[in-house]
Amino acid sequence: SLANDEQEGLLDRFLENAFVPAMARLGHGPVGVFDVMEDSEENAVYVATSFPTFESYESLKGQLAQDSAFMSAAEEYLFRDNKASAAFERQERRLLRAFSGMPQWKAPESGDRLFELRDYESYSEVTGELKVEMFNVAEIEIFEDVGLNAVFYGQTLIGPNQPNLVYLLVHDDMDAHAAAWDRFLKAPAWKELSQNERYKGTVSKIHRTFLRPKAYSQL
């Protein structure tokens, strides 16, 4: 989360010149970097990437500290003079476990794309697990059939709003977004699945955020 344009410029230079290249050297990525759509009250930059194992995530900080090219490019961002010159307001991190129904990311074609980040809260651990199951057994396939193209699906292990799951969709534009969701709601397979008593009431709240990729984003 950012307070002003100066912080965003500093963060952009760090991500573009230090973090994204370092992740590529370590064999991680792609790294998606996104601005929140202009009509949002949230002033933030979203960064998303993936790791093959928890150990590869856990070792990242140490690997970056040993990367001289990263440390040199990141110096402006990492070493601020005082609180007033901070590079950001706060950071929030989420660690997600990929769904078994889609264990690998699907990076979209490059271009001016619209991304939709959706966060589904559940009222209990049991219903949270059932919603993940619902996606794995049928809902992911329905999404694909109607053109709701996902980059990833993940269950939150560490982060806010738990129990919850998070997924990221990509659309050509808002019209394509609306058309795909309309096809989903009208799909016979979804109508049948949504009436399954096992999965009723598994989502208690939905958060939705629209994002645009920055010029240097790899997604």
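Residues numbered from 1 in each chain as written. Predicted model: local features only at pLDDT ≥ 70, side-chain atom pairs only at ≥ 80, totals over all residues. Heavy atoms only, no water.

1. Remarks on the overall build of the chain
The condition that has to hold: Only runs of H or I of at least four residues qualify as helices and only runs of E of at least two qualify as strands under DSSP, and these elements are numbered from the N terminus. Throughout, radius of gyration means the C-alpha value; the globule benchmark is 2.2 Å times the number of residues raised to the power 0.38. Accessibility here uses a 1.4 Å probe with only protein chains present; expressed as a share of the type maximum, an area under 20% marks a residue as buried, one over 50% as exposed, and anything in between as partly exposed. In what follows, residue pairs with any heavy atoms lying within 4.5 Å of each other are defined as contacts. We score Asp and Glu as negative and Lys and Arg as positive, and we do not count His or the chain ends. Just so you know, the charge point we use is NZ for Lys, CZ for Arg, CG for Asp and CD for Glu.
Helix and strand content of the chain: 8 helices and 7 strands. What you see for the chain is a C-alpha radius of gyration of 19 Å, in line with the 17 Å of a compact globule of 219 residues. Oriented by its inertia axes, the alpha-carbon framework of the chain measures out at about 60 × 35 × 30 Å. Residue burial in the chain is summarised as follows: out of 219 residues, 42% are buried. Pairs at least 24 apart in sequence give 77% of the contacts found in the chain among residues at least 6 apart. Across the chain, the centroid of the 22 positively charged side chains sits 3 Å from that of the 36 negatively charged ones.

2. A look at the side chain of His28
Along the polypeptide, His28 turns up in the loop between α1 (5-25) and β1 (32-36). By relative accessible area, which is 12% here, His28 ends up buried. Filtering out sequence-adjacent residues up to four positions away, His28 remains in contact with Met23, Ser50, Phe51, Pro52, Ser56, Leu60 and Gln63.

3. Observations concerning the packing of aromatic side chains
Going by this rule: Any two of the Phe, Tyr and Trp rings considered here, Trp counted by its six-membered ring, make a pair once their centres fall within 6.5 Å; the pair's planes then place it as stacked at under 30 degrees, edge-to-face at over 60, or tilted in between.
Scanning the entire structure with this criterion turns up 22 aromatic pairs. Residues Phe51 and Tyr57 carry aromatic rings whose centres are separated by 5.5 Å and whose planes lie at 70° to one another, so their mutual orientation is edge-to-face. Overall, Tyr57 belongs to the partly exposed group, its relative accessible area being 31%. Three or more aromatic residues link up through ring pairs in this structure, and these residues are Phe99, Tyr120, Phe135, Phe143, Tyr153, Tyr167, Trp181, Phe184 and Trp190.

4. Re the nonpolar core
Note the following rule: Nine residue types can take part in a nonpolar core, namely buried Ala, Val, Leu, Ile, Met, Phe, Trp, Tyr and Cys, and a core is a set of them joined through side-chain atoms within 4.5 Å.
With 25 residues, the main nonpolar core has Phe135, Phe143, Leu148, Tyr153, Tyr167, Trp181 and Phe184 as its most contacted residues. At the level of secondary structure, the elements contributing two or more residues to this core comprise α6 (125-146), β5 (149-158), β6 (164-171), α7 (174-186) and α8 (188-194). Of all the elements, α6 adds the most residues to this core, at 9 residues. Not counting residues up to four positions away in its chain, the partners in contact with Tyr153 are Arg97, Ala98, Phe99, Met102, Phe135, Ile140, Phe143, Val166 and Tyr167. With 20 residues, the next largest nonpolar core counts Leu10, Ala22, Val33 and Ala74 among its residues.

5. Comments concerning the pattern of salt bridges
For clarity, the threshold we go by: A pair is scored as a salt bridge if a Lys or Arg side-chain nitrogen falls within 4 Å of a carboxyl oxygen belonging to Asp or Glu.
Overall, the coordinates contain 14 salt bridges when judged by the stated rule. A salt bridge links Arg94 to Asp119, with the nearest nitrogen and oxygen atoms 3.0 Å apart. One end of the pair, Arg94, is in the loop between α5 (75-78) and β3 (95-98); the other, Asp119, is in strand β4 (residues 114-121), with 25 residues separating them in the sequence. Here Lys106 makes a salt bridge to Glu144, at a shortest N to O gap of 3.0 Å. Taken as a pair, Lys106 in the loop between β3 and β4 and Glu144 in helix α6 lie far apart in primary sequence, 38 residues in all.

6. Comments concerning the side chain of Lys131
Looking at the secondary structure, you find Lys131 in helix α6. Residue classification places Lys131 among the buried residues on the basis of a relative accessible area of 4%.

7. Some remarks on the sheet that holds strand β2 (residues 45-48)
What counts here: Only when DSSP finds a minimum of two bridges between them are two strands counted as paired. Here, axes are lines fitted to C-alpha atoms. For helices the fit covers the stretch in contact, and angles between N-to-C directions go from 0 to 180 degrees.
Taken in spatial order, the 7 strands of this open sheet run β2-β1-β7-β4-β6-β5-β3, and their pairing is antiparallel. The open sheet has two edge strands, β2 and β3, and neither has a second partner. Looking at each pair of strands side by side, their axes are set apart by 35° on average, direction ignored. When β4 meets strand β7 (residues 205-213), the two strands line up antiparallel, connected through 7 bridges. Among the inter-strand pairings, Leu117 is bridged to a residue of β7, identified as Thr209. This element, α1, spans β1 and β2 of the sheet and lies at about 15° to β2. Contacts from α7 reach β4, β6 and β7, with the element oriented near 40° to β4.

8. With respect to α7
Rules: Multiplying one less than the number of residues by 1.5 Å gives the expected span of a helix. By construction, the arc corresponds to the directions joining the helix axis to the C-beta atoms. By the criterion applied in these results, polar contacts are pairs of N or O atoms within 3.5 Å in which, for protein atoms, one can donate a hydrogen and the other can accept it, and in which residues neighboring in sequence qualify only through two side-chain atoms.
With 13 residues, α7 should cover 18 Å at 1.5 Å per step; its first-to-last C-alpha distance of 19 Å lies within 8% of that length. Regarding α7, the residues found buried are His177, Ala180, Trp181 and Phe184. With its buried residues spanning 95° around the axis, α7 presents them on a single face. Opposite the buried face of α7, at more than 90 degrees from it, the exposed residues are Asp175 and Lys186. Those residues of α7 hidden inside the fold are in contact with β4, α6, β6, α8 and β7. Where α7 starts, the residue carrying a side-chain oxygen 3.2 Å from the main-chain nitrogen of Asp175 turns out to be Asp173.

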